[in-house]
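# Examining the three-dimensional arrangement
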Amino acid sequence: MPQKLPPFWIDLLDRSHAINGDPVHFPLSLTPQHASRVVHFGLMFPNLPAPHNFLNIIAVIGQPRVRMFRNAHLIRTTASDTANLLVGTATATPEHFKGYSVKKDCRFATDSSLLQFGNDLVLEGNYPDFTLRRQGHDFNLELQVHATDKIAHFVNMVGGLYDHWSILCEYRGHIERAGSITPVQGLCTYEYANAAANISLPLYFFSYQIINVDEKTQVLFVQVLGPLGLPVQRRIYVRSLDDHGGIYSRGFDFTVQEYEDRPVVSPEGVKMRLPRRFSWRVDDDNGNELITIAGDCNGDFKYGMAAGYAGSYRYEGRFKGKPIQGTGYIEYIDCR
């Protein structure tokens, strides 16, 4: 059975478990880019109306050395000058994933109050209010995002080597596909990561999932594996609009019961099998079932979540003893 916290040697490097749930650690200043750093901005919106199912805005500025997050095929000048952007839904267009020259194609304010990727996306504002705009494409959007103070720290490594967090947000606005406009609103998450560009960690499997249990409550699933399937992180985060929530790993289990018939091959040449049917669960601090999920993927995985895939799934399950169902969001990379 997995331990409640990571092994002690991981605890020495990663202090995230010690600061989770404490809003005073929220970094109000977000650095958009530096030659010695790799930066990630992301907004993820689960449980959208069909046929969209989900929306993710995932930007990586600078190319990391970690294989499962790197898009070397996009590099035309240098790794630090290369950014990539995913604007993904189940109805994605061929232009949903692109690479950019940071110097030639992008505009980044030093305080991150403006992030512009070519003519493809604008993210602007300051905590706690942000605006997302995409115009002039087959898929467009305009969304107002309001961030809470409910933060989940995934990684907080010593010496500033790597910091990665997710903050619970509310949003409203619309998305547009081929002229058809769909109003949307609900819970989403805003993510930020900042890492030293020369870090090369031996990571081989990653899955991140989001479900909105109800109009106030969001659950985050994280599993990261290293060499020989060694667990680097296995956590379930629960938070709501009126509660900072908690982190759980007791009784953690993630099992893929069925994979897609054919493996996919990424633009980086990595062959991987994507899940079709899976389940996951975790207990609360007293050893009682906290959440159990059975998921069936919608077959809408799209490349561009770093060097992996993102999509959606239909789920049924239980949360704190009550039945739940809906559409979840899943990121998946398997380089084993």
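Our structure is the block above this text.
The present account deals with the structure reproduced in this document. (Residues numbered from 1 in each chain as written. Predicted model: local features only at pLDDT ≥ 70, side-chain atom pairs only at ≥ 80, totals over all residues. Heavy atoms only, no water.)

### Side note on the pattern of salt bridges
- Overall, the coordinates contain 12 salt bridges when judged by the stated rule.
- Its salt-bridge partner being Lys98, residue Asp120 comes within 3.2 Å of it at the nearest N-O pair. Here Asp120 is found in the loop between β6 (114-117) and β7 (121-126), whereas its partner Lys98 is found in strand β4 (residues 97-101), with 22 residues between them in sequence.
- A residue is classified by how much of its surface remains accessible, and Lys98, at 35% relative accessible area, is partly exposed.
- Of the charged contacts in the structure, one is a salt bridge between Glu260 and Arg276, with a shortest N-O distance of 3.2 Å. (Salt bridge = Lys/Arg side-chain N within 4 Å of Asp/Glu carboxyl O. Helix = DSSP H or I, 4+ residues; strand = E, 2+ residues; numbered from the N terminus. Buried < 20%, exposed > 50% of the residue type's maximum accessible area, 1.4 Å probe, protein only.)

### Observations regarding the sheet that holds strand β1 (residues 37-45)
- Strand order in the open sheet formed by 11 strands is β4-β3-β2-β1-β11-β10-β9-β8-β7-β6-β5, and the pairing between neighbours is antiparallel. Each end of this open sheet is capped by a strand with a single partner; those strands are β4 and β5 (106-108). Sheet twist, expressed as the average angle between the axes of neighbouring strands with direction ignored, equals 15 degrees.
- As paired elements, β7 and strand β8 (residues 129-134) share 5 bridges and run antiparallel to each other. (Pairing = 2+ DSSP bridges. Axes fitted to C-alpha atoms, helices over the stretch in contact; angles between N-to-C directions.)

### Observations regarding the nonpolar core
- Within the largest apolar cluster, 61 residues are counted, with the highest numbers of intra-cluster contacts made by Ile211, Val219, Ile236, Phe254, Trp280, Ile291 and Tyr313.
- Broken down by element, this core gets its largest block of residues, 6 residues, from strand β13 (residues 217-225).
- If near-sequence neighbours (up to four positions away) are discounted, Ile236 is found in contact with Val219, Leu220, Phe221, Gly246, Ile247, Tyr248, Phe252, Trp280, Val282 and Ile291.
- Leu48, Ala59, Phe108 and Cys188 belong to the second largest nonpolar core, which has 37 residues in total. (Core = buried A, V, L, I, M, F, W, Y, C linked by side-chain atoms within 4.5 Å. Contact = heavy atoms within 4.5 Å.)

### What about the packing of aromatic side chains?
- Under the criterion given, the structure shown has 21 aromatic pairs.
- With a centroid separation of 5.1 Å and an interplanar angle of 45 degrees, the aromatic rings of Phe221 and Trp280 are classed as tilted. Remark: Trp280 occurs in strand β19 (residues 275-283) and Phe221 occurs in strand β13; sequence separation between them is 59 residues. Residue Phe221 shares its accessibility class with Trp280, and that shared class is buried.
- The ring of Tyr259 has Arg273 sitting right over it, with the charged end atom 3.8 Å from the ring centre. (Phe/Tyr/Trp six-rings, centres within 6.5 Å; stacked < 30°, edge-to-face > 60°. Lys NZ or Arg CZ within 6 Å of the ring centre and 35° of its normal.)

None of this, on its own, says anything about what the molecule does.
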